Structures are given as C-alpha cells and as structure tokens.
Amino acid sequence: MDRIIVEGGRILRGDVKISGAKNAALPILVSALLADGWNTYHNVPNLQDVQSIKHLLSHLGARIETEEDTVRIDAGGLCDSEAPYDLVRKMRASVLVLGPLVARLGKARVSLPGGCAIGARPINLHLKGLSQLGASIRLEHGYVEASSDRLKGGDIYFDIPSVTGTENLMMAAVLAEGRTTLRNSAREPEIVALADVLNEMGADIHGAGNSLITINGVSSLEPAEVSIISDRIEAGTFMVASVLTRGDVTLLNCEPAHLSGVIDKLRLTGADMEIGDKTIRIKGSDEIESVDVKTLPYPGFPTDMQAQFMVLMSVAKGLSIISETIFENRFIHVSELRRMGADITVSGNSAIIRGVRMLSGAQVMATDLRASASLILAGLVAQDKTEVNRVYHLDRGYEAIEDKFERIGAAIRRIGPP
Ligand code: EPZ
C-alpha cells in the first residue's frame with residue numbers, strides 16, 4: 001500500500017492549477033445514461049472515484065473513450081440495469097445511476113451503498129423521491145429494485161438537502177411526464193453544474209442553486225459537449241496549506257464564487273487574499289487567529305473542508321470550536337491529529353481545539369478522503385517527518401496531490417509498498 005512522507009517546515013510558494021471537481025464529474029458522467037450518442041466531457045479529473053464510475057457505466061453497457069482529461073461516453077447500447085455490490089461498495093456515489101436507469105430503461109437494481117467511515121449515509125430520501133415520481137421500490141438481499149413504465153412528475157420535499165439525492169431525482173425527473181418540483185433541495189455548485197449539463201442536453205430545469213428546483217419532463221435528451229467545473233474542495237485544501245505554512249500561493253483555474261464560506265473564515269484567521277476571476281492568491285500571516293466554524297449545507301462552510309480547517313486551528317492562537325452538523329462521525333481525523341500533538345477535545349458534534357506552537361511528525365493512518373488530506377496538511381507544519389498510510393483514500397479525490405504540493409515547495413514524496 002502506498003504511503004506519503006512529508007517533511008515539515010517548508011514555506012509553500014508558487015502557482016497550483018486546480019483540477020475538475022470530483023463531485024461534479026461523478027453525476028455529470030452518470031447523466032450520459034440519459035441519452036443515445038457520444039457525450040464529450042472536458043476537464044475530467046484523473047481520480048480513483050472517476051475510474052470507478054467509468055467502470056460501472058461500462059458494466060451497464062456504455063462505451064467510454066478517455067484521452068487525457070477528456071472523456072467521451074455513449075450510452076446508446078445499454079445492456080444492463082444492475083449496479084452490483086462489488087462496484088457500489090467501492091464508491092457510494094454509484095447510487096447516482098438509480099434515477100437515470102429508471103428514467104431511461106424503466107428499471108434499475110442497485111446494491112444499497114451501506115455506510116462509510118463518516119456516517120450511516122442512508123438513501124431513504126432518494127427512494128422516497130423516486131416513489132413520489134411513480135416508481136415501485138423493493139428492497140431485498142441488500143439491493144434496491146426500482147421500476148416504472150414511465151415516471152410521472154411529482155412534488156418532492158427533502159427533509160435534509162441531500163446533494164446526491166437532489167442529483168438523483170433531478171436526473172430521474174428530466175424524462176418524467178409532466179412537472180416535478182424539488183423543495184428544500186441542495187444548492188451546491190455541483191447541482192448547478194449538473195443542471196447546466198442536462199439543459200445543454202435538452203432538459204427543461206429551472207432554479208438549480210436555489211432550494212426550489214422545477215423540472216418540466218421532456219421526451220428525450222441529446223448528447224452534449226461540456227467542461228467540468230473546478231474543484232472547490234481541492235482549492236480550499238491548498239488555501240489552508242498556504243495559510244498553515246505562512247506561504248504565498250496562487251490558485252489557478254478556480255471558482256472564487258464557490259468558496260465564499262472558506263474565504264470568509266480564512267480571512268478571519270488573518271490570511272491576506274487577492275481574488276481574481278479564476279484565481280485566488282492567498283498569503284498566510286505570522287500569527288494564525290482562532291476562528292469558530294460550523295459546517296452547513298451550501299452556501300455554508302462545507303463539511304468537506306472541516307478536517308482541513310481543524311489542522312489550521314490546531315496551530316492557531318487560542319481556542320476555537322468546530323461543529324460538524326452534516327455527518328455524525330466526521331471527527332475520525334482527531335485521534336490521528338492528537339498523536340501529532342494537537343490539543344483537541346470532542347464533545348458531541350463539536351470539537352474544541354486549543355492551538356499549540358508546533359505539531360510533531362508521526363506515523364498516521366488515513367481513514368477517509370478528507371481526513372487523509374488533513375494529515376498531509378498537518379505533516380507540512382509538523383516537526384520532522386510524517387508518514388501517512390493508506391493513501392488510497394487520498395487518491396479517490398485528489399489528482400496527483402503530492403506532485404502539486406512538491407511544485408510549490410513541499411518536501412513530500414510517495415513511496416510504494418515496502
Ligand atoms: C455529497 O455526499 C458529497 N459526495 C460529499 O462529499 C459531501 O460531504 C456531502 O454531499 C455533503 O456536502 C458527492 O457529491 C459524491 P448528502 P452525499 O446526501 O450526497 C443525510 C467527499 O469527501 N441523508 O448531502 O452522500 C446524510 O446521512 C464526499 O467528496 C439522509 O439522511 O451527502 C447526511 O447526514 C464525502 N438520507 C446528510 O443527509 C438520504 O437519503 C447530507 O448528506 C440522503 C442523505
């Protein structure tokens with residue numbers, strides 16, 4: 001299993017190009033299921049999760065061609081409507097094929113994704129919405145079976161603004177008969193990106209990015225050629241790295257408008273920023289101020305930036321409180337940060353962080369995608385060497401992260417199995 005070794009103490013300086021967004025690429029690649037013909041997607045990040053979704057789509061019968069960061073998908077010859085356990089268990093976002101398969105083929109059999117390190121991750125809202133569109137739903141042997149001759153538009157309310165729940169039902173509704181309204185829907189930029197792609201294919205979606213989305217069903221969609229938006233979480237991760245190391249880093253090919261929560265909190269820590277159209281230059285200050293954070297659905301502070309921000313607070317001046325309101329078990333990184341000398345106490349869904357002068361390098365274990373990124377960040381400012389194990393978690397969502405960090409001055413290297 002690969003490991004990443006980081007030597008602490010380097011100041012990060014230079015430019016880093018942000019890749020396409022994992023959480024936009026996954027639903028957008030799946031949307032190819034909704035049309036015959038070749039869809040073309042540019043700026044697709046080269047990630048393990050993208051490989052997994054491509055594997056699933058080809059299992060279903062789609063033809064896929066990849067050339068650098070361009071992926072072409074033709075779902076004209078779908079021959080299967082089952083997403084098997086051994087594919088879904090590798091990546092829970094595979095559940096996104098449910099809505100498009102029922103919409104396109106009238107049926108789907110998808111392995112229930114099960115929980116993961118950060119929480120139970122149920123899909124009850126996905127299933128409730130599908131049944132409100134007229135699908136019959138059966139759960140047995142760890143699979144969900146959904147079927148409908150033709151879905152009919154419905155009025156769907158999300159008890160919780162679920163990101164992939166909104167995406168799944170948006171894709172189910174685009175070919176349904178009549179109008180669908182999604183109320184209390186998620187507002188993430190990745191939802192807007194998916195709606196833009198579907199409308200480019202001929203769908204009739206209004207209001208994406210707000211908590212009320214209206215979808216007028218159409219009879220069919222045509223393939224499209226689109227580009228994946230920039231990854232706001234990768235951008236936020238490098239912003240934290242610059243502030244942590246008192247560096248001076250410029251992000252290229254990013255979307256500042258998607259990062260308002262992160263920008264606001266980093267400014268409060270004392271960071272200095274120059275915001276461009278597609279760039280952010282961020283400089284760290286000598287002293288890092290403590291700032292409280294509560295994770296919330298977009299446009300609130302993103303849960304996917306919680307672990308990274310906690311590292312920054314662990315070497316800030318004074319005491320801060322980080323509250324995690326989205327997932328019930330997203331403090332797994334705390335125990336590993338404590339082993340590096342961080343002073344963090346968890347109470348319920350809040351973590352109380354007392355800043356320390358210096359972390360100390362250690363052997364640590366990655367447990368989920370964003371927790372592994374936080375351990376890399378901690379290694380950047382820890383005394384001596386930090387060895388992060390199980391970096392396959394990192395490879396799911398960050399493209400060539402050690403190369404990008406090395407190019408801006410980090411002492412970081414990946415080593416293969418001993
Ligand atoms: C998406 O997950 C992202 N993944 C996650 O990013 C992100 O952390 C999350 O949204 C929140 O922003 C992708 O887009 C592929 P949710 P998703 O449904 O859609 C509960 C990363 O690191 N819920 O918005 O699975 C759920 O348990 C990943 O890139 C239900 O109760 O998250 C959670 O508490 C991690 N029933 C809350 O809603 C449901 O049917 C938000 O979950 C669905 C969700």
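Thresholds, definitions, all that
- Residues numbered from 1 in each chain as written.
- Predicted model: local features only at pLDDT ≥ 70, side-chain atom pairs only at ≥ 80, totals over all residues.
- Heavy atoms only, no water.
- Helix = DSSP H or I, 4+ residues; strand = E, 2+ residues; numbered from the N terminus.
- Rg over C-alpha atoms; globule rule 2.2 N^0.38 Å.
- Buried < 20%, exposed > 50% of the residue type's maximum accessible area, 1.4 Å probe, protein only.
- Contact = heavy atoms within 4.5 Å.
- Areas by Shrake-Rupley, 256 points an atom, 1.4 Å probe, with all protein chains shown as cover.
- Lys, Arg positive; Asp, Glu negative; His and termini not counted.
- Charge placed at Lys NZ, Arg CZ, Asp CG, Glu CD.
- 1 Å grid on protein atoms, 1.4 Å probe; cavity = no way out; pocket = protein on both sides within 12 Å on 5 of 7 lines; lining within 4 Å.
- Points joined across faces, edges and corners; volume = space filled by probe spheres on them.
- Nonpolar A, V, L, I, M, F, W, Y, C, P; charged D, E, K, R; others polar.
- Domains from an automatic or database assignment.
- Near = heavy atom within 4 Å.
- Polar contact = N/O pair within 3.5 Å; in protein donor to acceptor, adjacent residues only side chain to side chain.
- Phe/Tyr/Trp six-rings, centres within 6.5 Å; stacked < 30°, edge-to-face > 60°.
- Lys NZ or Arg CZ within 6 Å of the ring centre and 35° of its normal.
- Pairing = 2+ DSSP bridges.
- Axes fitted to C-alpha atoms, helices over the stretch in contact; angles between N-to-C directions.
- Expected span 1.5 Å × (residues − 1).

Student: Just checking my understanding: could you explain the overall build of the protein for this structure?
Tutor: Scanning the protein for helices and strands turns up 14 helices and 26 strands. A compact globule built from 418 residues would reach a C-alpha radius of gyration of about 22 Å, and the protein, at 21 Å, matches this within 12%. The principal-axis extent of the C-alpha atoms belonging to the protein is close to 65 × 45 × 40 Å. By residue count, 57% of the 418 residues in the protein fall in the buried class. Partitioning the intrachain contacts of the protein with sequence separation of at least 6 by distance along the chain shows that 73% fall at a separation of at least 24. A total of about 16,000 Å² of accessible surface is found on the protein, and carbon and sulfur atoms cover 47% of it. Between the averaged position of the 44 positive side-chain charges in the protein and that of its 52 negative side-chain charges there is a distance of 4 Å.

Student: What is the right way to look at empty space enclosed by the protein in this model?
Tutor: Applying the stated criterion to the full structure yields four cavities of 30 Å³ or more. Every residue lining the largest cavity is listed: Ala-21, Lys-22, Asn-23, Glu-190, Asp-231, Arg-232, Ile-233, Asp-304 and Arg-370. Going through the elements one at a time, helix H1 (22-30) and helix H8 (232-244) are the ones with two or more residues in the lining of the largest cavity. Considered class by class, the residues forming the lining of the largest cavity number two nonpolar, one polar and six charged. Counting contributing residues per domain, the lining of the largest cavity is built from domain 1 (3-19 + 230-415) and domain 2 (22-227), each supplying no fewer than three.

Student: Is there a simple way to think about the site of the ligand in this case?
Tutor: The environment of the ligand is formed by 21 residues, the closest being Asn-124, Ser-162, Thr-164, Asp-304 and Ile-326. Interatomic distance of 2.8 Å between a backbone N/O atom of Val-163 and an oxygen atom of the ligand. Contact between the ligand and Arg-330: an oxygen atom at 3.5 Å from a side-chain N or O atom of the residue. Considering the ligand on its own, with 820 Å² of exposed area, one finds that the protein chains cover 88% of that surface. A class-by-class count of the residues in the shell around the ligand yields ten nonpolar, six polar and five charged. Each of domain 1 (3-19 + 230-415) and domain 2 (22-227) contributes no fewer than three residues to the shell around the ligand.

Student: Whenever I open this one, unusual backbone geometry confuses me. Can you help?
Tutor: Most of the time, phi is negative for any residue but glycine, and the peptide bond is trans. Here the residue pair Tyr-298 and Pro-299 is connected by a cis peptide bond, since its omega of 10 degrees sits within 30 degrees of zero. Position of Pro-299 relative to the elements: it lies in the loop between strand S18 (293-294) and helix H10 (306-314). For His-141, which is not a glycine, the phi torsion comes out positive at approximately 50 degrees. Within the secondary structure layout, His-141 lies in the loop between strand S8 (136-140) and strand S9 (143-147). Here His-141 falls in the exposed class, since its relative accessible area comes to 69%. In this model, Arg-246 sits at a positive phi of 55 degrees, which is unusual for a non-glycine residue. Here Arg-246 is to be found in the loop between H8 and strand S15 (248-252).

Student: Sorry, what's going on with the packing of aromatic side chains here?
Tutor: Two aromatic rings, taken as a pair, are described by how far apart their centres are and by the angle between their planes. Here the structure, examined in full by the defined rule, presents two aromatic pairs. Centroid distance Phe-238 to Phe-405: 4.6 Å. Interplanar angle 40 degrees. Geometry classified as tilted. Of this pair, Phe-238 sits in helix H8 while Phe-405 sits in helix H14 (residues 401-407), and the two are 167 residues apart along the sequence. A residue is classified by how much of its surface remains accessible, and Phe-238, at 1% relative accessible area, is buried. Over the ring of Tyr-143 we find Arg-109, and its NZ or CZ is 4.0 Å from the ring centre.

Student: When you look at the sheet that holds strand S6 (residues 82-83) in this model, what are you seeing that I'm missing?
Tutor: Strand pairing in a sheet relies on backbone hydrogen bonds, with the paired strands running either antiparallel or parallel. The strand order S6-S7-S9-S8 describes an open sheet built from four strands, whose pairing is mixed. In this open sheet, the two edge strands, each paired with only one partner strand, are S6 and S8. Direction of pairing for strand S7 (residues 107-111) relative to S9: antiparallel, over a ladder of five bridges. From the neighbouring strand, Ala-108 faces S9, where its bridge partner is Ala-146. Of the strands in this sheet, S7 and S9 touch helix H4 (residues 98-105), which is tilted by about 160 degrees from S7.

Student: Hey, could you run me through helix H2 (residues 48-59) in this one?
Tutor: Helical geometry note: an α-helix holds 3.6 residues per turn, so side chains three or four residues apart project in the same direction. Helix length check: H2 (twelve residues) gives 16 Å between terminal C-alpha atoms against 16 Å at 1.5 Å per residue, within 8%. The set of residues buried in H2 consists of Asp-49, Val-50, Ser-52, Ile-53, Lys-54, Leu-56 and Leu-57. Here the buried face of H2 lies against H1, strand S4 (63-67), strand S5 (70-74), S6 and helix H3 (85-88). Just beyond H2, the residue with positive phi is Gly-61, at close to 115 degrees.

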